[in-house]
Amino acid sequence: MSILTAYHTDVGIKKKTNQDGLLLKTARTPKGQVGLFVVCDGMGGLSHGELASATVIRGMSDWFDSEMPRIAKSEHIEEDIQTELETCIKQLNEKILSYGESEKVTLGTTVTALLIVHHKYYIVHIGDSRVYQISSTLTQVTTDQTVVAREVARGNLTEEQAKSDPRRNVLLQCVGATKDIKIAFSTGDLKEKTVFMLCSDGFYHQISEEELVENFHPSKLTDEKQMKEKVIGLVELVKARKEVDNISVVVAEVV
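Residues numbered from 1 in each chain as written. Predicted model: local features only at pLDDT ≥ 70, side-chain atom pairs only at ≥ 80, totals over all residues. Heavy atoms only, no water.

Novice: Explain the packing of helix 1 (residues 48–71) against helix 2 (residues 77–103) to me, please; I cannot follow it from the model alone.
Specialist: The description of two packed helices rests on the angle between their axes and on the distance between the axes. The interhelical angle for the contact between helix 1 and helix 2, taken along N-to-C directions, is 150°, at an axis separation of 10 Å. Here helix 1 is positioned roughly antiparallel relative to helix 2, judged by the angle of their axes. Viewed along their axes, helix 1 and helix 2 form a crossing whose handedness is right-handed. Between helix 1 and helix 2, the residues in contact are L51, A52, T55, V56, G59, M60, W63, E67, R70 and I71 and I77, D80, I81, E84, L85, C88, L92, K95, I96 and Y99, respectively. Residue composition of the contact of helix 1 with helix 2, by class: 13 nonpolar, 2 polar and 5 charged. (Axes fitted to C-alpha atoms, helices over the stretch in contact; angles between N-to-C directions. Helix = DSSP H or I, 4+ residues; strand = E, 2+ residues; numbered from the N terminus. Parallel < 35°, antiparallel > 145°, perpendicular 65-115°, else oblique. Left-handed = near helix turned anticlockwise from the far one by under 90°. Contact = heavy atoms within 4.5 Å. Nonpolar A, V, L, I, M, F, W, Y, C, P; charged D, E, K, R; others polar.)

Here's what the structure looks like:
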């Protein structure tokens, strides 16, 4: 098993700074490639959102370098990965929260991370960045932790109403804003010819599921250069549709 990757991030058409953060790390093991892919969407005035997302990206990168060689050999790998990832994110939450309290500023970030190890995938998620899985069909693997998504789940809003609801960007939680966070964790079996796409909300509001399948279906992806071109093309399409937020996309294909 190997992993092809591509990514692109753009400040967008309105904002002066890009507060999104991305991480793509892969390593070879005797059992095949392992990979960690992360999208963070920072929030906070001035450069504070950028600081929050960068703190998580740096912390998770360090975690992958220092802990994955040991975890990859564990006989209880699934339990270890969940425990270790949740511990890592909680420590980063405390670090950002402590900084905000000391500087008297409010800042935070979403974090959506995909870890691929030995024919399984693991996802940790806080906020409203997303992971999609594309094989024969497209599936949104993560659930948005927003007021609007909660109201849709409760039957108080339809999906169509949610798209234009003024609260659609109001998060129920993020990393760095409160002491207690509830991390969503999921796992599943990997299959060859599967594509995972991670993105910030600046990307998915202005793109359809049909367009995602048309561009990122495994049969449409041939190599990393072509994958990169498709990612950039869709980001430019989103900008042309007047999306005002930062826009970030990470694509990982298991082959």
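So much for the structure itself; the text now carries on.
Novice: So what exactly am I meant to see when it comes to the packing of aromatic side chains here?
Specialist: Ring pairs (aromatic) are described by centroid distance and by the angle formed between their planes. A full pass over the atoms with the stated rule returns 2 aromatic pairs. Considering the side-chain rings of Y122 and F185, the 6.4 Å spacing of their centres and the 35° angle between planes classify their relative orientation as tilted. Highlighted residues: Y122 in strand 6 (residues 120–126) and F185 in strand 9 (residues 184–189), separated in sequence by 63 residues. Looking at Y122, the relative accessible area reads 1%, which means it is buried. Cation over ring: K228 sits above Y7, and NZ or CZ is 4.2 Å from the ring centre. (Phe/Tyr/Trp six-rings, centres within 6.5 Å; stacked < 30°, edge-to-face > 60°. Buried < 20%, exposed > 50% of the residue type's maximum accessible area, 1.4 Å probe, protein only. Lys NZ or Arg CZ within 6 Å of the ring centre and 35° of its normal.)

Novice: Please explain the sheet that holds strand 11 (residues 247–254) as it appears in this structure.
Specialist: Sheet strands pair via backbone hydrogen bonds, and the direction of the pair is either parallel or antiparallel. One open sheet holds the 5 strands; their spatial order is 1-11-10-7-8, and the pairing between them is antiparallel. Strands with a single pairing partner mark the edges of an open sheet, and in this sheet they are strand 1 (3–10) and strand 8 (138–140). Within this sheet the neighbouring strands show an average axis-to-axis angle of 15°, counted without direction. (Pairing = 2+ DSSP bridges.)

Novice: Help me understand the nonpolar core in this model?
Specialist: A general feature of soluble globular proteins is that nonpolar side chains tend to end up buried together. Ranked by size, the top nonpolar core spans 32 residues in total, and within it L36, V38, M60, W63, V111 and L115 carry the most contacts. When residues of this core are traced back to their parent elements, those giving at least two are strand 3 (32–43), helix 1, helix 2, strand 5 (111–117) and strand 6. Of the residues forming this core, the biggest block, 8 residues, is contributed by helix 1. Setting aside residues up to four positions removed in sequence, M60 forms contacts with L23, L36, V38, L85, C88, L92, V111 and A113. Ranked by size, the runner-up nonpolar core spans 21 residues in total, among them I134, V231, V249 and V251. (Core = buried A, V, L, I, M, F, W, Y, C linked by side-chain atoms within 4.5 Å.)

Novice: Can you walk me through the pattern of salt bridges in this structure?
Specialist: Opposite charge on two side chains permits them to pair, given that their charged atoms come into close proximity. Applying the stated criterion across every chain, the model contains 15 salt bridges. A salt bridge links E214 to K220, with the shortest nitrogen-to-oxygen separation between them at 3.2 Å. A relative accessible area of 47% places E214 in the partly exposed class. Among the ionic pairs, K239 bridges to E236, the shortest N-O distance being 3.4 Å. Linking K239 with E236, this pair stays in helix 7 (residues 224–240), spanning 3 residues, or about one helical turn. (Salt bridge = Lys/Arg side-chain N within 4 Å of Asp/Glu carboxyl O.)

Novice: Just checking my understanding: could you explain the pairing of strand 5 for this structure?
Specialist: Successive side chains on a regular strand alternate, one facing one side of the sheet and the next facing the other. Extensive coverage of strand 5 is indicated by the burial of 7 of its 7 residues. Here strand 5 shows two buried faces, one formed by V111, A113, L115 and V117 and the other by T112, L114 and I116. Taken together, the 7 bridges between strand 5 and strand 6 define a ladder with antiparallel strand orientation. Considered in strand 6, the bridge of T112 is made with H125. The turn joining strand 5 and strand 6, which pair antiparallel and follow one another in sequence, is formed by 2 residues; a positive phi near 50° is taken by H118.

All quantities given are derived from atomic positions and should not be read as evidence of function.
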